[in-house]
Amino acid sequence: RPKEPVFMPKGDNNAVFDVPNNYLPENYKPLGMQITSRFGESATEKIPVTPITIPPLGEILDLARDENFSLFIPKHRKIAGRLIDIYLGMRTVDDLLSVAVYTRDRVNPYLFNYALSVALLHRPDTQDLDLPSFIRTFPDKYLDSKVFGKARENANIVPENARQEPIEIPKDYTASDLEEEHRLAYFREDIGINLHHWHWHLVYPFEADISVVRKDRRGELFYYMHQQIIARYNFERLSHRLKRVERFIEWRAPIKEAYFPKLDSLVASRPWPARVANQKISNLKRELDQVKLDVDELERWRDRIFAAISAGEVRGADGKMVTLSEFEGIDVLGNMIESSILSPNRAFYGDMHNMGHVFISYIHDPDHRHLESFGVMGDSATAMRDPVFYRWHAYIDSIFQQFKDTLPRYRENQLNYPGMTVEDISIEGGSKNQIQTFWQQSDVDLSRGMDFQPRGAVFIRFTHLQHRPFTYKIVVNNTGNGNKMGTCRIFLAPKFDERGNPWLFRDQKNLFIEMDKFMVSLKQGRNTITRSSSQSSVTIPFERTFRDLDANRPTFNFCGCGWPAHMLVPMGNAEGMKCQLFVMISDYQNDRVDQSVEGICNDAYSFCGIKDRKYPDARSMGYPFDRQPRDGVDTLQQFLTPNMRVQDCTITFSNRVFRRDQQKTQ
Ligand code: CUO
């Protein structure tokens, strides 16, 4: 259980809440003041909590405090929705504080954290409140469980104020090289990637009050963000000479990939269940979770979804047919397949993607006879660790691609920017057109998530992929009259397929990973654009992923959404993996969304959008690679119009480990 209140006054780590006696849980009430003073030993400030009439919690308390919590389980979602509504419904911040303090010691801790985070993110009066990074509250969802035993041991031995040596997490701890899939563990188990995924689903909940769920193009972003995860995963796989991930399409067949997470839930005091090789999903009948669903039903939903795509229309809840249009169709499908409450007809098209997570996460105990909880696929904070996540999402993506394949091809005039020629592009900052990758070790303080004394810092040291910073240099000739605005779109893809052959455009388009996207002003004549890799519209800096409460930086939860900067570039390989850098300058007149995007945390919008704003690019997400090419185009070269350019480059990996403070990194 986290020892600190999650809800903290800004910048103050030495405050405790002065909890009214009748707020204490029943078993602590007899102790009264003794409890408050115990936790307030080192506090310099007591924050008063006004007693208010607490709304009835009802079924929210059905989820015990020591159970695991999953948003994918319909019953859990429902009670999370209730709790979010209670938090959103509080009139003032003081009332919210009171009800948060009251519920914190009563409701399930994961549920409490999730619901309060969503509420703080969406209440207009809580936009400047700090939330600790999720890894600091629940480190057990991200780290080898051995860490906690060591931390406890250190806490007993090392004096409180002595700086402890960080506890090192080995780079390989979940499997050995006997398992081919283990080559991708550094990606799947990357802490920053898993934090991004948890944050994304926090920012885009699929069930809560409609005002919270309804966000501009959320269904399309569900498709695009996960499509990019699969593209990135495939890029990493090709770096290791592994074939692209196989879709999980035969639901009745054994799943050959095994996964042993080696995580222990500190809340549930249980290890997360593992999956041995070759297990099959089966009908679910788990009364406690109120999950009762047959694989047949999942298949019926699938068939209806495919029928809708081939008909080009979906049946709304009122029985009326709704066309899947060229631009908005993908948004409708995203909400329908995920599904969110914005689905046009949840009763008919079901809840396919979410329940797929549930089927897989209960594969080891589908009828609850062993009283086991769900596996990592059941939680957005942990799902990306498991190889089967990518198989499931590759399948989900193939449905979206099936729809995209039905759309009109982009004509040359929808791609070209007349008068604009990209004359040269390159990667600078080391050897020209070469990106270097290597291992880096970084430290993070986890003490907030530890519930034992003494309360010193608890640093862990983990190893992650990193790349040397680089810049793109882009030369654009504007032969038109006067200044023009453009959007610069930068993508990267492997140059060869698994057989070592050059790609056909129709396949390579799905492997392009977005690296950056930004607006440019182009004067008449020749322009040289330089842009640093650290400015990417896809990523957030390391400090934001692991943001530190002690630093006086304005942060809020939305800011935690963004691909981690250290994972911007795929690993490549020692020989230098051959890639293709693609740059396009599109006509800003067709891209623009008129709105102000001033403010904080608007820098990772490619995957996360901008808080309370429209998605800041009017084009279909993934443009220009989101559709099949026009007739006569077989290769990337044939696809190019003068405002695009391709440059061969390499990603060279060095199997050396550098500390974050060593010079090579910055
Ligand atoms: Cu992000 Cu399946 O949606 O995990």
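Keep in mind that this is a model prediction, so the values were computed, not measured.

Q: Got a sec to walk through the side chain of N478? Specific residues and values, please.
A: Here N478 shows up in strand β13 (residues 471-478). Residue N478 is classed as buried on the basis of its relative accessible area of 1%. Within the local environment of N478, its side chain forms a polar contact with the backbone oxygen of G482, the two atoms lying 3.0 Å apart. Only 3.2 Å separates the side chain of N478 from the backbone oxygen of K523, close enough to count as a polar contact. Among residues more than four places away in sequence, those in contact with N478 are G419, M420, N483, K484, L522, K523, Q524, G525 and N527.

Q: Account for the sheet that holds strand β10 (residues 420-428), with residues named and values stated.
A: Taken in spatial order, the three strands make up an open sheet running β10-β13-β16, and their pairing is antiparallel. For this open sheet the edge positions go to β10 and β16 (525-532), each flanked by a neighbour on one side alone. The mean angle between the axes of side-by-side strands here comes to 15°, regardless of whether they run parallel or antiparallel. Where β13 lies against β16, eight bridges are found, and the strand directions are antiparallel. Paired with T471 across the bridge in β16 is S532.

Q: Quick one: what's the story with helix α14 (residues 352-361), residue by residue and with numbers?
A: Most of α14 is tucked away, with ten of its ten residues classed as buried. Considered for burial, the residues of α14 that qualify are M352, H353, N354, M355, G356, H357, V358, F359, I360 and S361.

Q: Residue-level account of the domain arrangement of the protein, with values.
A: By the assigned domains, the protein splits into domain 1 (15-126), domain 2 (180-404) and domain 3 (412-425 + 469-641). Between the C-alpha centres of domain 1 and domain 2 the distance comes to 30 Å. The interface is formed by 25 residues belonging to domain 1 together with 34 residues belonging to domain 2. In total, about 2300 Å² of surface goes out of reach between domain 1 and domain 2, with carbon and sulfur atoms giving 66% of it. The three residues of domain 1 that bury the most area against domain 2 are N68, F72 and R77, which together make up 32% of that side's buried surface. Our count for the contact surface shared by domain 1 and domain 2 stands at two salt bridges.

Q: Can you lay out the pattern of salt bridges for me, pointing to particular residues and giving the numbers?
A: Where charged atoms from two side chains of opposite charge come close, those side chains can pair. Counted according to the given criterion, the structure contains 46 salt bridges. The partner of R217 in a salt bridge is E220, and the shortest N-O contact between them spans 2.7 Å. On the accessibility criterion, R217 (16% relative accessible area) is buried. Under the relative-accessibility criterion, E220 is labelled buried at 1%. Beyond isolated ion pairs, a larger network of salt bridges with shared partners links K243, E246, K256, E257 and R391.

Q: So what's going on with the nonpolar core? Residues and values would help.
A: Grouped together as the largest cluster of nonpolar side chains are 158 residues, with contacts concentrated most on Y87, Y142, W251, M352, Y390, I460 and F582. Setting aside residues no more than four positions away along its own chain, Y390 makes contact with F187, R188, I229, I230, Y233, V245 and M384. By size, the runner-up hydrophobic cluster in this structure holds 33 residues, among which are F235, F470, L568 and I585.

Q: Go over empty space enclosed by the protein with me, naming the residues and quoting the values.
A: Over the atoms a probe the size of a water molecule is rolled, and this reveals where empty space is left. Within the structure shown, the criterion is met by 15 cavities of 30 Å³ or more. In this model, the largest cavity occupies a volume close to 190 Å³. Along its surface, the largest cavity is lined by 17 residues, and K171, Y173, E189, F462 and T463 are the ones closest to its centre. If you list the elements that add at least two residues to the lining of the largest cavity, you get α7 (185-188) and β12 (459-467). Sort the elements by how many residues they give to the lining of the largest cavity and β12 lands first, with four residues.

Q: Go over the confidence of the model for the protein, please, and point to the residues and values.
A: Considering every residue of the protein, the mean pLDDT works out to 90; 91% of them sit at 70 or more. Taken as a whole, residues 1-12 scores under 50 in pLDDT and shows 45 contacts with residues more than four places along the chain or in a different chain. Under a pLDDT of 50 for its full length, residues 549-556 has, in the predicted model, 21 contacts with residues more than four places off or in other chains.

Q: Could you give an account of the layout of surface pockets, with specific residues and numbers?
A: Empty space within the second largest pocket amounts to approximately 560 Å³. Lining the second largest pocket are 22 residues, with N234, R244, R247, S398 and N510 positioned closest to its centre. Looking at the lining of the second largest pocket, the elements that each hand over two or more residues are α10 (218-239), α15 (387-404) and α17 (505-508). With five residues, the top contributor of residues to the lining of the second largest pocket is α15. When grouped by side-chain class, the residues that make up the lining of the second largest pocket number five nonpolar, seven polar and ten charged. Taken together, domain 2 (180-404) and domain 3 (412-425 + 469-641) each give at least three residues to the lining of the second largest pocket, which thus spans both.

Q: Run through the environment of V99, naming residues and quoting values.
A: If you trace the backbone, V99 turns up in helix α3 (residues 93-104). Exposure remark for V99: the relative accessible area of 0% places this residue in the buried category. C-alpha of V99 to C-alpha of V322: the two residues are 223 residues apart in sequence and 42 Å apart in space. Once residues lying within four places of it in the same chain are set aside, the contact partners of V99 are I52, I54, P55, I86, Y87 and M90.

Criteria and cut-off values
- Residues numbered from 1 in each chain as written.
- Predicted model: local features only at pLDDT ≥ 70, side-chain atom pairs only at ≥ 80, totals over all residues.
- Heavy atoms only, no water.
- Helix = DSSP H or I, 4+ residues; strand = E, 2+ residues; numbered from the N terminus.
- Buried < 20%, exposed > 50% of the residue type's maximum accessible area, 1.4 Å probe, protein only.
- Polar contact = N/O pair within 3.5 Å; in protein donor to acceptor, adjacent residues only side chain to side chain.
- Contact = heavy atoms within 4.5 Å.
- Pairing = 2+ DSSP bridges.
- Axes fitted to C-alpha atoms, helices over the stretch in contact; angles between N-to-C directions.
- Domains from an automatic or database assignment.
- Buried area = accessible area lost by both parts, 1.4 Å probe.
- Salt bridge = Lys/Arg side-chain N within 4 Å of Asp/Glu carboxyl O.
- Core = buried A, V, L, I, M, F, W, Y, C linked by side-chain atoms within 4.5 Å.
- 1 Å grid on protein atoms, 1.4 Å probe; cavity = no way out; pocket = protein on both sides within 12 Å on 5 of 7 lines; lining within 4 Å.
- Points joined across faces, edges and corners; volume = space filled by probe spheres on them.
- pLDDT = per-residue confidence, 0-100.
- Nonpolar A, V, L, I, M, F, W, Y, C, P; charged D, E, K, R; others polar.

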